[in-house]
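# Observations on chain architecture
So the chains spell out like this:
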Amino acid sequence: MTALRLHNTASGRVEEFTPLEPGHVRMYTCGPTVHDYSHIGNFRTILFEDLLHRLLETQGYKVTHVRNLTDVEDRIIRKSQEQGVDIDVYTAEYIEAFFEDLATLRVRPAGVYPRATGHITEMVALIQRLAAGGHTYEVEGSHYFRIATFPKYGALARLDPTKLKTGARVDVDEYGKDDPRDFALWKARKPGEHFWDTPLGAGRPGWHIECSAMSMRYLGETFDIHTGGVDLIFPHHEDEIAQSEAATGKPFVRYWLHAAHLTDATGEKMSKRLKNFATVRDLLAEGVAPRAIRYALLTGAHYRKPLHFSSEMLVGADSSVRRLNEFAVRLQAPADPADPPADIRQRWDDALADNLNIEEAVGELFTWIRTFNTRLETGGVPPAERASAMAMLRYADQILDVIDFPGALDDAEVIRLIEERRAARAAGDFARSDEIRELLRQRGIQLDDTKDGTRWKRIT
RNA sequence: GGCGAGUUAGCCAAGUGGUAAGGCAGAGGUCUGCAAAACCUCCACCGCGGGUUCGAGUCCCGCACUCGCCUCCA
């Protein structure tokens, strides 16, 4: 297996990946803030994480994957107050929708989906640990992290802390901070807000602390991979490093991976603020196939480059997926077990191992498919080779997951109709032949006549 | 202003020193009762200007433009 190389934001370089524990990868992905439906820009990052998760698995690693749900946060509080409901009631709808969308896009499930509201105890304990180390201070019931106590602050984002702009977007409830760059660990209770009674006082957690507390709980104080969108590098991940390493004295994360944004056709970042976004359910309502969305987001561009999203690319993705499925049908492969051809499998592995270059991997795959199709055209490809090609397709689909592999035809009526149509064609009765083809089409089966006989496939 | 990423065909994009992968769309052709699919052929002076080199999309310098981050946005 080709050695996996990944771009580490912490070093700014592509590095060979080795997990802390041989054979076992622990990864944490920053999940959604469930104040609204996640848009496809959010899912671009999630599909990148899905690619990473699946590739690690095909490389033989056991993967312990944690994806958190941020279910208490400023926007959630504001919107739930506007609706006059508790935050749990407010977020329930969006949490459910999030999991529906994950299933629609065939995202491999994480092992754990911890929720912030379910880990208040861990967060409080971590803040107390930081307090004991002299890294915090309290102002009017809110607790802040004093970044002056953490010299490495700014290293991940390559920001010089002394040059950070200050004052521009400081929240009104944080005027009491000693240094505007300090960040809130715990926010004092405000009238009407959901709060927890804790040894720190009544209030609610700041945003960053949840990821430190939950990742350490499920993955340990040092773990392998932490991912998210590039916008999380600062301040979110910078703050996570500060509060985690200040508390434990150990390295927090070994490899930081960040996905570039999805942009709209004009090249601008897709965001709710600009209202230039679409949700998965929006696209489904427009009749876009789930597989096309998955394929477009997964293979549209290298994860470190912005992906220019458009309806045209969805159309293209749908055609590409159809071509892959068509090839699976055309192979007419025997069910015998087989291994993928070594050369194409090697090219596929090499491309993905090179910092997840799925564009190149897919390019290799299509080149190979065309060559194979040409051989199928001339006929005489032995069953063993077709089985091997099918094995390659299945291997690639462990990552892509967009192919519906043809199963056996088990409907006696369908088999009888195909045979009747064959006889009708032989007799020149094309009216009956077309009638049967239409009949089967309505049952979701399409017939294709080839010089080797009639093929069938299910229409999706 | 600081830091970073980018600029490759109509569209999406790979390619990090040796005369430009792949997908989509388009044009022509082959096959075919029809349809579908497939196959073949065609379609790029790699943002601009210098430089290094036998040779540059690929390295260096400059310029233009785009985008991201700079306290709670994936």
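Residues numbered from 1 in each chain as written. Chains lettered and ligands numbered in written order. Predicted model: local features only at pLDDT ≥ 70, side-chain atom pairs only at ≥ 80, totals over all residues. Heavy atoms only, no water.

To continue, consider the protein's contact with RNA strand B. The local shell around RNA strand B holds 62 residues, among which Arg181, Lys187, Gly229, Lys269 and Ser320 are the closest. When the atoms of RNA strand B within 4 Å of the protein are sorted by group, sugar and phosphate make up 64%. Measuring from a phosphate oxygen of RNA strand B, one finds a backbone N or O atom of His302 at 3.2 Å. With respect to RNA strand B, the side chain of Gln446 contributes an N or O atom lying 2.8 Å from a sugar or linking oxygen. The greatest single-element share of the surface near RNA strand B, amounting to nine residues, is contributed by helix H11 (residues 358–378). (Near = heavy atom within 4 Å. Polar contact = N/O pair within 3.5 Å; in protein donor to acceptor, adjacent residues only side chain to side chain. Helix = DSSP H or I, 4+ residues; strand = E, 2+ residues; numbered from the N terminus.)

To continue, consider the side chain of Ser80. The topology assignment puts Ser80 in helix H2 (residues 74–83). When near neighbours in sequence (up to four residues on either side) are disregarded, Ser80 contacts Val85, Asp86, Ile87 and Tyr90. (Contact = heavy atoms within 4.5 Å.)

Moving on to the environment of Val414. Tracing the backbone through its elements, the reader meets Val414 in helix H13 (residues 412–426). Given a relative accessible area of 2%, Val414 falls into the buried group. The contact partners of Val414, leaving out residues within four places of it in the chain, are Leu409, Leu440, Arg443 and Ile445. (Buried < 20%, exposed > 50% of the residue type's maximum accessible area, 1.4 Å probe, protein only.)

A common way to express how large an interface is: the accessible area buried when the components associate. Along its sequence, chain A is organised into domain 1 (20–259), domain 2 (280–400) and domain 3 (412–458). One C-alpha centre belongs to domain 1, the other to domain 3; they are set 57 Å apart. (Domains from an automatic or database assignment.)

To continue, consider the nonpolar core. Within the largest apolar cluster, 119 residues are counted, with the highest numbers of intra-cluster contacts made by Leu56, Ile225, Trp348 and Leu400. Shared between two domains, this core takes at least three residues from each, and those domains are domain 1 (20–259) and domain 2 (280–400). (Core = buried A, V, L, I, M, F, W, Y, C linked by side-chain atoms within 4.5 Å.)

Averaged over all residues, the pLDDT of chain A is 90; the fraction at 70 or higher stands at 94%. The least confident element of chain A is strand E15 (residues 453–458), whose mean pLDDT is 84; the most confident is strand E4 (residues 62–67), at 98. Note on residues 166–172: pLDDT under 50 across the span, and five contacts to partners over four residues away in sequence or across chains. (pLDDT = per-residue confidence, 0-100.)

With parallel pairing, the four strands of this open sheet are ordered in space as E4-E3-E10-E11. If you trace the sheet from one side to the other, it starts and ends with E4 and strand E11 (253–259), each paired once. Geometrically, the sheet is characterised by an average inter-axis angle of 20 degrees between neighbouring strands, direction not taken into account. Relative to E4, strand E3 (residues 24–29) is paired through six bridges, and the arrangement is parallel. Paired with His24 across the two strands is Lys62, which belongs to E4. (Pairing = 2+ DSSP bridges. Axes fitted to C-alpha atoms, helices over the stretch in contact; angles between N-to-C directions.)

For the rest of this paragraph, the subject is the packing of helix H10 (residues 342–353) against H11. When two helices pack together, their arrangement is given by the angle between their axes and by how far apart the axes lie. At their nearest, the axes of H10 and H11 sit 7 Å apart, and the two run at 165 degrees to each other. Between H10 and H11, the angle is such that the two are roughly antiparallel. Where H10 crosses over H11, the two elements pack in a sense that is right-handed. Where H10 abuts H11, its residues Ile344, Arg347, Trp348, Ala351 and Leu352 lie against Ile358, Glu360, Ala361, Val362, Glu364, Leu365 and Trp368. Of the residues that constitute the contact of H10 with H11, the class distribution is nine nonpolar, no polar and three charged. (Parallel < 35°, antiparallel > 145°, perpendicular 65-115°, else oblique. Left-handed = near helix turned anticlockwise from the far one by under 90°. Nonpolar A, V, L, I, M, F, W, Y, C, P; charged D, E, K, R; others polar.)

A separate point is the pattern of salt bridges. Summed over all chains, the structure comprises 44 salt bridges. Here Arg217 makes a salt bridge to Glu122, at a shortest N to O gap of 2.6 Å. Of the two residues, Arg217 is situated in helix H5 (residues 207–219) and Glu122 in helix H4 (residues 120–132); the sequence distance between them amounts to 95 residues. In this structure Glu122 comes out as partly exposed when scored by relative accessible area, which is 22%. Where Lys457 meets Glu326, a salt bridge forms, and the shortest distance between an N and an O atom there is 2.5 Å. Note that Lys457 is positioned in strand E15 and Glu326 in helix H9 (residues 311–331), a separation of 131 residues in sequence. Through salt bridges with shared partners, a single ionic network connects Asp50, Arg54, Arg106, Arg291, Arg294, Asp401 and Asp404. (Salt bridge = Lys/Arg side-chain N within 4 Å of Asp/Glu carboxyl O.)

Secondary-structure assignment places Thr279 in the loop between strand E12 (262–263) and helix H7 (280–285). Here Thr279 falls in the buried class, since its relative accessible area comes to 5%. Ignoring sequence-local partners within four residues, the contact set of Thr279 consists of Tyr37, Ser38, His39 and Ile40.

Where strand E1 (residues 5–8) lies against strand E2 (residues 13–16), four bridges are found, and the strand directions are antiparallel. Within E2, the position partnered with Arg5 by the bridge is Glu16.

Across a sheet, paired strands are connected by hydrogen bonds in the backbone, their directions being either parallel or antiparallel. Strands sit in the order E5-E6-E7-E9-E8 across an open sheet of five strands; the sheet is antiparallel. Since the sheet does not close on itself, it has two edges, and those belong to strand E5 (136–139) and strand E8 (196–198), each with one partner. Averaged over all pairs of adjacent strands, the angle between strand axes in this sheet comes to 35 degrees, irrespective of strand direction. Where strand E6 (residues 142–145) meets strand E7 (residues 183–188), three bridges bridge the pair, whose relative direction is antiparallel. When the bridges of E7 are listed, His143 appears paired with Trp186.

This part takes up the environment of Ala148. By the element assignment, Ala148 lies in the loop between E6 and E7. When the C-alpha positions of Ala148 and His135 are compared, they lie 8.5 Å apart, and in sequence the two are 13 residues distant.

Burial in H2 covers these residues: Ile76, Ile77, Lys79 and Ser80. Just past H2, the residue Gly84 takes up positive phi, approximately 70 degrees.

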